[in-house]
Amino acid sequence: MSDSNRLFGAIGWDASMLIACVLGAAAAPACSRRETPAPPAAAAAPAEGPREGERSPVVSRVERDGLSIAFELRPLPGAGDRPEARTDATAVFTITDAVTGAPARDLGPLAWMSRRADAPPDDAGCQDKIRSFMAGRIALRPDVDMNAYLLWTQNQDNTLSVINPQLAFTRTKLRSIVTLAAGSTSLALHPDGDRLYVTLQGGRGLAVVDTRRSLVTANVPVGAEPMRVAVAPDGRTVWVGNDGDGTVSVVDARAASVLKTLRAGPGHHELAFSSQGRTAWITSRDARTVTAVDTGTLEPVAEIEVGEGAAAVAASDGANAVYVANEPRGEIVILDAGRRAVAGRVAVKAGVSAVAFAPGGRFAFALNPAKGEVSILDASVGALAHTLPGFAGPDAVAFSDMYAYVRNLGESRVSLIELPSLERPGKPAVVEVQVGQQPPRAAKGGRGATPFAVLPEGNGAIVASPADKVLYYYVEGMMAPMGTLSNYGREPRAALLEDRSLKEVQPGVYAATVRLGDEGVHDVELLLRDRGVSACLEATVAPSAVPAEDRSPGLTVEPLFDAGADLEVSKPATLRFRATPKASAPPLEAKEMKVMIFRFPVGFRDTVQPRAEPDGAFSVTFTPPEPGQYRFLLAAESRNAPLGALPFIDLHAASPGDLHAASPGDAPDAGGAR
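Everything in this summary refers to the structure shown in the same document. Only a predicted model underlies this, so the values are computations on that prediction, with no experimental measurement involved. (Residues numbered from 1 in each chain as written. Predicted model: local features only at pLDDT ≥ 70, side-chain atom pairs only at ≥ 80, totals over all residues. Heavy atoms only, no water.)

Pairing in this open sheet of five strands is mixed, and the strands run β43-β50-β49-β45-β46 from one edge to the other. Edge positions in the sheet fall to β43 (566-568) and β46 (605-608), since each has one partner strand and no second. Pairs of neighbouring strands in the sheet enclose a mean axial angle of 30 degrees, with direction left out of account. Where β43 and strand β50 (residues 649-654) come together, three bridges link them in parallel fashion. Across the sheet, the residue bridging to D566 is H652, located in β50. (Pairing = 2+ DSSP bridges. Helix = DSSP H or I, 4+ residues; strand = E, 2+ residues; numbered from the N terminus. Axes fitted to C-alpha atoms, helices over the stretch in contact; angles between N-to-C directions.)

This paragraph deals with the environment of G344. By secondary structure assignment, the location of G344 is in strand β24 (residues 341-347). Once the C-alpha coordinates of G344 and Y323 are considered, the two residues, 21 residues apart in sequence, prove to be 9.8 Å apart. Ignoring sequence-local partners within four residues, the contact set of G344 consists of I332, V333 and I334. (Contact = heavy atoms within 4.5 Å.)

In spatial order, the strands read β17-β18-β19-β20; together these four strands make up an open sheet with antiparallel pairing. The open sheet has two free edges, formed respectively by β17 (271-274) and β20 (299-305), since each of these has just one partner strand. Pairwise comparison of adjacent strand axes, ignoring direction, gives a mean angle of 25 degrees for this sheet. In terms of strand pairing, strand β18 (residues 279-283) meets strand β19 (residues 289-294) through five bridges, oriented antiparallel.

So, about empty space enclosed by the protein. Scanning the model with the defined rule gives five cavities of 30 Å³ or more in all. Here the second largest cavity is characterised by a volume of approximately 90 Å³. Around the second largest cavity, the lining is made up of 13 residues, and of these V435, P440, V463, A464 and S465 lie nearest the centre. For the lining of the second largest cavity, the elements supplying multiple residues, two or more each, are β30 (403-408), β31 (413-418) and β34 (460-465). The leading source of residues in the lining of the second largest cavity is β34, at three residues. Tallied by class, the residues present in the lining of the second largest cavity amount to six nonpolar, four polar and three charged. (1 Å grid on protein atoms, 1.4 Å probe; cavity = no way out; pocket = protein on both sides within 12 Å on 5 of 7 lines; lining within 4 Å. Points joined across faces, edges and corners; volume = space filled by probe spheres on them. Nonpolar A, V, L, I, M, F, W, Y, C, P; charged D, E, K, R; others polar.)

Tallied over the entire structure, the rule returns 36 salt bridges. A salt bridge links D194 to R254, with the nearest nitrogen and oxygen atoms 3.5 Å apart. Of this pair, D194 sits in the loop between β9 (184-189) and β10 (195-200) while R254 sits in the loop between β15 (247-252) and β16 (257-263); the two residues are 60 residues apart in sequence, bridging distant segments of the chain. Of the charged contacts, one joins K349 and E373 as a salt bridge, the two residues approaching to 2.7 Å between their closest N and O atoms. One end of the pair, K349, is in the loop between β24 and β25 (354-357); the other, E373, is in strand β27 (residues 373-378), and 24 residues separate them in sequence. Residue K349 is classed as partly exposed on the basis of its relative accessible area of 38%. With relative accessibility at 12%, the residue E373 sits in the buried group. Salt bridges linked by common partners bring R116, K129, D523, E525 and E538 together as one network. (Salt bridge = Lys/Arg side-chain N within 4 Å of Asp/Glu carboxyl O. Buried < 20%, exposed > 50% of the residue type's maximum accessible area, 1.4 Å probe, protein only.)

Taken as a whole, this structure holds one disulfide when the rule is applied. Across a sulfur-sulfur distance of 2.1 Å, C126 and C536 are joined as a disulfide pair. The sign of the 95 degrees torsion about the S-S bond sets the C126-C536 disulfide as right-handed. Placement of C126 in helix α3 (residues 123-135) and of C536 in strand β41 (residues 533-541) is noted, with a sequence separation of 410 residues between them. By the burial criterion, C126 is buried, and C536 matches it. (Disulfide = S-S within 2.5 Å.)

Now for the environment of A511. Its location among the elements puts A511 in strand β39 (residues 509-515). Between the C-alpha atom of A511 and that of M146, which follows or precedes it by 365 residues, the distance is 8.7 Å.

Structurally, S186 is set in strand β9. With a relative accessible area of 5%, S186 lands in the buried category. For S186, the side chain forms a polar contact with the main-chain oxygen of M227, separated by 2.5 Å. From its side chain, S186 meets the backbone nitrogen of V229 in a polar contact 3.3 Å long. Excluding its chain neighbours within four sequence positions, the residues that come into contact with S186 are Q154, Y197, V198, T199, M227, R228 and V229. (Polar contact = N/O pair within 3.5 Å; in protein donor to acceptor, adjacent residues only side chain to side chain.)

Most of strand β21 (residues 310-316) is tucked away: six of the seven residues are buried. Relative to strand β22 (residues 321-326), β21 runs antiparallel, the two being bridged by six bridges. Within β22, the position partnered with A310 by the bridge is N326. Counted along the chain from β21 to the antiparallel partner β22, the turn is four residues long, and its residue N320 has a positive phi close to 50 degrees.

The structure is reproduced here in structure tokens:
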């Protein structure tokens, strides 16, 4: 029996199947895993050597089963310019044939780092640690996980859920909840995966979320009613469509500041990029034109008349074309991306409201929820190839390697359109999969959001069901989802995956960006699942070059109440605290701060401004409406501490009967100073 089979056998079939399907292990044939080619060598930034003035990385080496394995931690290029990134590094495994030196390709490595307590583990101890990490046991968590992907959901309230769908044996898969300053409208992930950009309601602008720490690092003021957000393919800029004032804000992705505000016309705006990201295309629903902008100079280069009612836009570099869905006229306007001119118009039906290109850029899917149709256009000839009826309000589409996933607003099913069948004569193959109990339309909002998070292996998806308040895990080849992931009472309107796993960036070179833990010697646990080989190496994490105070938002919060004591339901409690800025900063004023208290994971929430106390402290009054766990969060945006940037304080409320049963005659005093 191979090492990998022993590992799967030790943790049980259900858990191993979930882990294998999510991670794409060859031991799980039911997952229908497909091989994906390694990224081209041009993407191999981690293979660069150290820059001038940097120390050469320390390399750990070991030989196993005819393979030579080397591991090193390399500093990120430019990390010295970003204090928040100086604790990041690139973890790099270089694996070659021990005799010939030829690169060992397509190994599917899984790897972790854990701080060494005493002596390095022997082979049996190494396998035990890998077995525990794969099972997701709470008692033994790695300091660094190089295989993880996290599921982010945009919820109906002002939160984002962060869920680890790979854990098998834990009380909760909920990793954290990010609290935003207001409800959100859309979100986009940076290509590096380290930042998430979220447009906010109520004039709160654009939230920048550090995905590694699951907290908000900035709220960027943009235009009125920001709705759609998109990150340019090169990751340098973030584009925000402001529906309230007819503008698009172009934001510096790193500095989190507005570079330019572009006039784009009234109404709703959609965004797409062509020419390998060199041109941005902006629609305006209430204008008659589409604006093309040079992403390098941020200057408009063309305004193209398409007719009023542009509802969606998509670009294909393969076809050198941009498709615009004109909803009231019932047509797809085809733009020549090079000439920046109308190349044709394809009649569909009035009500078409979404358009997207499948991988490869040949076939475009146009969704019409009003007519219950999906039109498929062939960009190679600029004509309609298929019209598929029988949908129940199709409004969102996403693509895996083999299928287009179409949501039906009016029914609890997802329609899978087989992509290879589009090139064959006859009607494309469609598979209907029952997903959920209630149709998405039963939820109050979320229409037009993207509810599909396609799995990294490209053979399935996690589907957000706002009406059921859960997420369904589906693997292709099955007629129903494998299981569900709870969203803890919240309605998930959109979902996306942040992939943190190792990638083969060059032949035999596997790398991932990681956030390092505590300084000291760490064991590096490696499993080559496609070879059944396990090994343990080592790495040393140096002390951070960034003082802890420089990594903080600029102030600290100290509760002056006993956070471990139970509050009494329906009884007002005064919660006193100190908020202390850095020594060089002026004292805080109450008007600079806001306190949010909410029931975790879902329920009551309230935001208030604290009161100043005579001794320099601050206070808020909180009356728990029901028993349960609550969280206390402080925000001070003027001090670089937007809501979610500072650690929360746990509160707990109990009914009077429970309090008296626990401590007869001795009710807790939440407001007393320590």
